[in-house]
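Letter by letter, the chains look like this.
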Amino acid sequence: MKALTCSIIAVFVLGHILVHAQQKAAPAHKRTAKSVALPFSQAERDSILAFHNAVRREVGAPPVVWSQELADFAQAWAEHLARTGCRLAHRPSSGPWAQKYGENCFGGSGGTWSLLDAGKSWYEEKALWNGGVITAQNWSVAGHYTQMVWSRTRRIGLGKARCPNGGTIIVANYDPPGNMIGESPY
């Protein structure tokens, strides 16, 4: 009986090791680990909306409103990123995941990350913004900030997902989009 128990345990452990090894070897999009949508409260939603509007007020841009349509769009992309390797990437310009709006992305590992944490991270780029028109050079260092304050944007929505490794992905979408090369954000 003792040998049988050890044999059963050995088969179980070996099986577990093989399954784990196959999952590690499989490409990220083939892994079975699932991302988990991270619901946020009305208070968290209100805080990121208020933060955007305070940042926009600083430059004379009109306030934005929350859009559930944009939030759903952002949520779908956040979950997709979390499921497919937890790497930050903007939506592509074509295909089934094609972008329709302006977009900011944020990723954090360990701990708890809020929508406001993402917004504050994007706002930090203000220190790198010298004003004027968007160029390829200044967009690459301050594009998250200039998207936040783009004066023609009227609606925003955000989504949040947890990666299998415990990281957090936050995506914001903006309508109409900003960051047009050759134009000023405000």
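Here, every reference points to the structure presented above.
Residues numbered from 1 in each chain as written. Predicted model: local features only at pLDDT ≥ 70, side-chain atom pairs only at ≥ 80, totals over all residues. Heavy atoms only, no water.

> What exactly am I supposed to notice about the packing of helix 4 (residues 115-123) against helix 5 (residues 136-149) here?
Helix-helix packing is characterised by the crossing angle of the two axes and by the distance between the axes. The N-to-C vectors of helix 4 and helix 5 enclose an angle of 110°; their axes lie 7 Å apart at closest approach. Between helix 4 and helix 5, the interaxial angle falls into the category roughly perpendicular. Residues Gly119, Trp122 and Tyr123 of helix 4 form the contact with helix 5, whose own contacting residues are His144, Tyr145 and Met148. Split into classes, the residues belonging to the contact of helix 4 with helix 5 amount to four nonpolar, two polar and no charged. (Axes fitted to C-alpha atoms, helices over the stretch in contact; angles between N-to-C directions. Helix = DSSP H or I, 4+ residues; strand = E, 2+ residues; numbered from the N terminus. Parallel < 35°, antiparallel > 145°, perpendicular 65-115°, else oblique. Contact = heavy atoms within 4.5 Å. Nonpolar A, V, L, I, M, F, W, Y, C, P; charged D, E, K, R; others polar.)

> Mind showing me how you'd approach the state of the cysteines here?
Should the sulfur atoms of two cysteines be covalently bonded, the bond is a disulfide. Taken as a whole and judged by the stated rule, the model has one disulfide. Here Cys86 connects covalently by a disulfide to Cys163, the sulfurs 1.8 Å from one another. Classification of the bridge connecting Cys86 and Cys163 rests on its S-S torsion, roughly 70°, and on that basis the disulfide is right-handed. Here Cys163 lies in the loop between strand 4 (155-162) and strand 5 (168-175) and Cys86 lies in the loop between helix 3 (68-83) and strand 3 (102-108), a separation of 77 residues in the sequence. (Disulfide = S-S within 2.5 Å.)

> What am I meant to see in the pairing of strand 4 here?
In regular strands, side chains alternate between the two faces of the sheet. Where burial is concerned, most of strand 4 is hidden: six out of the eight residues are buried. Where strand 1 (residues 36-37) meets strand 4, two bridges bridge the pair, whose relative direction is antiparallel. Across the sheet, residue Val36 finds its bridge partner in strand 4, namely Arg162. Here strand 2 (residues 65-66) pairs with strand 4 via two bridges, running parallel. What sits directly across from Trp66, in strand 4, is Ile156. The pairing of strand 4 with strand 5 spans eight bridges and is classified as antiparallel. Residue pairing in the sheet places Ile156 in a bridge with Tyr174 of strand 5. The antiparallel hairpin formed by strand 4 and strand 5 contains five residues in its connecting segment, where Gly166 sits at a positive phi of about 95°. (Buried < 20%, exposed > 50% of the residue type's maximum accessible area, 1.4 Å probe, protein only. Pairing = 2+ DSSP bridges.)

Note that all results are geometric; they support no functional claim without further evidence.
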